[in-house]
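So the chains spell out like this:
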Amino acid sequence: LREYLVLDEYVSSRGLLIKIFGLLLKNQKCAENLRKMNIHNLIAFYFDTEDSLFKECCMLMLYWIDNSPKEFPRILANSLKAYLSKPDIDTDSRYNCIELLRLLVLGNIALVYEIDGIGCLIDAVLNHQFILDSKDKKLIPTIIHLLDDPQSRSIMMRDMNFARIFGVLCDLKSRLAV
C-alpha cells in the first residue's frame, strides 16, 4: 500500500483519496459499500471540474470497469462521454477516455448504448488522425467483435448507421443506384 501511495510528484489530498477509493474497489464488499455511499457522484464531480485529478479519476474508473463493469455508475459513463465532447482536450486525454469507453462496452454494452457511447467510439474510428495517433489499434477489432456477437449486435443494430461507417470504404451511392 505504501508503494502505491508514495509518488515522486506532489499529490493533493483529493488525489490521494481517489487512489484509496481505487484500492478499495478491488474488494467486492468495499465496492458495494462505496456505491451505496454514492461515491461515484464525488468522482464524477472531480472528473468534470478538476483537470489535475484526471489521471486518478481515469485509474479509478479503470479499476471499476475491471472489477465490476455491470455495476459501473451511469454518471461516470456520462462524464466520459461529456469529456469526449469537449473541443479542446489533448490527444492523450481523448485516448484515455475512448479506451475506458472501449473497455466498458465490452463489459456493459447496454450502459454504453444508453449514453450513446457507441457513437463516440465510431466517431473515433472515423477520425483517421485519432486512429493513426493512437497507441494501439484495439478500437476497430472491438467494434468488429461487437458486431459479430449476436447479443451485442442486437443492441447495436437499433440505430447503427452502417452507411456512415462503411462509407469510407466504398461508394454506397453508386451501389444503391444499381
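Cut-offs applied
Residues numbered from 1 in each chain as written. Predicted model: local features only at pLDDT ≥ 70, side-chain atom pairs only at ≥ 80, totals over all residues. Heavy atoms only, no water. Helix = DSSP H or I, 4+ residues; strand = E, 2+ residues; numbered from the N terminus. Expected span 1.5 Å × (residues − 1). Buried < 20%, exposed > 50% of the residue type's maximum accessible area, 1.4 Å probe, protein only. Salt bridge = Lys/Arg side-chain N within 4 Å of Asp/Glu carboxyl O. Disulfide = S-S within 2.5 Å. Axes fitted to C-alpha atoms, helices over the stretch in contact; angles between N-to-C directions. Left-handed = near helix turned anticlockwise from the far one by under 90°. Contact = heavy atoms within 4.5 Å. Nonpolar A, V, L, I, M, F, W, Y, C, P; charged D, E, K, R; others polar. Patch = residues over 30% accessible without salt bridge, like charges linked within 9 Å, V, L, I, M, F, W, Y side chains within 5 Å. Areas by Shrake-Rupley, 256 points an atom, 1.4 Å probe, with all protein chains shown as cover. Core = buried A, V, L, I, M, F, W, Y, C linked by side-chain atoms within 4.5 Å. Phe/Tyr/Trp six-rings, centres within 6.5 Å; stacked < 30°, edge-to-face > 60°.

*Asks:* Even after reading the chapter, I still don't get helix H7 (residues 91-107), so can you show me in this structure?
*Replies:* Helical geometry: 3.6 residues make up each α-helical turn, so side chains three or four residues apart lie on a common side. With 17 residues, H7 should reach 24 Å at 1.5 Å per residue; the first-to-last C-alpha distance of 25 Å fits that figure. Within the span of H7, buried status applies to Ser-93, Tyr-95, Cys-97, Ile-98, Glu-99, Leu-100, Leu-101, Arg-102, Leu-104, Val-105 and Gly-107.

*Asks:* Please explain the pattern of salt bridges as it appears in this structure.
*Replies:* Side chains bearing opposite charge may pair, as long as their charged atoms lie close to each other. Evaluation of the coordinates by the stated rule reveals 2 salt bridges. The residue Arg-74 makes a salt bridge to Glu-114 at a minimum N-O spacing of 2.5 Å. Residue Arg-74 is located in helix H6 (residues 74-84), and its partner Glu-114 is located in helix H8 (residues 109-114); the two are separated by 40 residues in the primary sequence. Relative accessible area serves as the criterion here: at 39%, Arg-74 is assigned to the partly exposed category. By relative accessible area, which is 49% here, Glu-114 ends up partly exposed.

*Asks:* Explain the state of the cysteines to me, please; I cannot follow it from the model alone.
*Replies:* Under the defined criterion, the tally for this structure stands at 0 disulfides. Free cysteine Cys-57: the closest other cysteine sulfur is in Cys-58, separated by 7.1 Å. Given a relative accessible area of 0%, Cys-57 falls into the buried group. Among the cysteines around Cys-58, which has no disulfide bond, Cys-97 carries the closest sulfur, lying 5.1 Å off.

*Asks:* Would you take a moment to explain the packing of H6 against H7 for this structure?
*Replies:* Helices that pack against each other are described as a pair by the angle of their axes relative to one another and the distance between those axes. At a minimum axis distance of 10 Å, the contact between H6 and H7 shows a crossing angle of 145°. In the packing of H6 onto H7, the handedness of the crossing is left-handed. Touching Ala-77, Leu-80, Tyr-83 and Leu-84 of H6 are Ser-93, Arg-94, Cys-97, Ile-98, Leu-100, Leu-101 and Leu-104, all from H7. Of the residues contributing to the contact of H6 with H7, the split by class is 9 nonpolar, 1 polar and 1 charged.

*Asks:* Quick question: what am I supposed to make of a nonpolar patch on the surface here?
*Replies:* Together, Leu-16, Ile-20 and Leu-24 make up a nonpolar patch on the protein surface, roughly 200 Å² of accessible area in all. Tracing the chain through its elements places Leu-24 in helix H2 (residues 13-24). Leu-24 gets classed as partly exposed once you look at its relative accessible area, which sits at 33%.

*Asks:* I tried to follow the environment of Met-156 on my own but got confused; where do I start?
*Replies:* With respect to the element layout, Met-156 can be found in helix H12 (residues 150-156). Measuring from C-alpha to C-alpha, the distance between Met-156 and Ile-143 comes to 9.8 Å, with 13 residues separating the pair along the chain. Apart from the residues lying within four places of it in its own chain, the contact partners of Met-156 are Ile-109, Ile-118, Leu-146 and Leu-147.

*Asks:* Any chance you could explain the nonpolar core here in plain terms?
*Replies:* A general trend in soluble globular proteins is that nonpolar side chains are found buried together. Phe-47, Cys-57, Met-61 and Phe-72 are the most contacted members of the largest nonpolar core, which has 49 residues in total. Sort the elements by how many residues they give to this core and helix H5 (residues 54-67) lands first, with 8 residues. Apart from residues lying up to four places away in sequence, Met-61 is in contact with Phe-47, Phe-72, Leu-76, Leu-80 and Leu-100.

*Asks:* Is there a simple way to think about the packing of aromatic side chains in this case?
*Replies:* Any pair of aromatic rings gets described here by the distance separating the centres and the angle formed by the planes. Counting across every chain of the model gives 5 aromatic pairs. Taken together, a centroid distance of 6.1 Å and an interplanar angle of 50° make the contact between Phe-45 and Tyr-46 tilted. What makes Phe-45 partly exposed here is its relative accessible area of 47%. Classification of Tyr-46 as buried rests on a relative accessible area of 9%. Ring centres 5.3 Å apart and planes at 50° place the aromatic pair Phe-47 and Tyr-83 in the tilted group.

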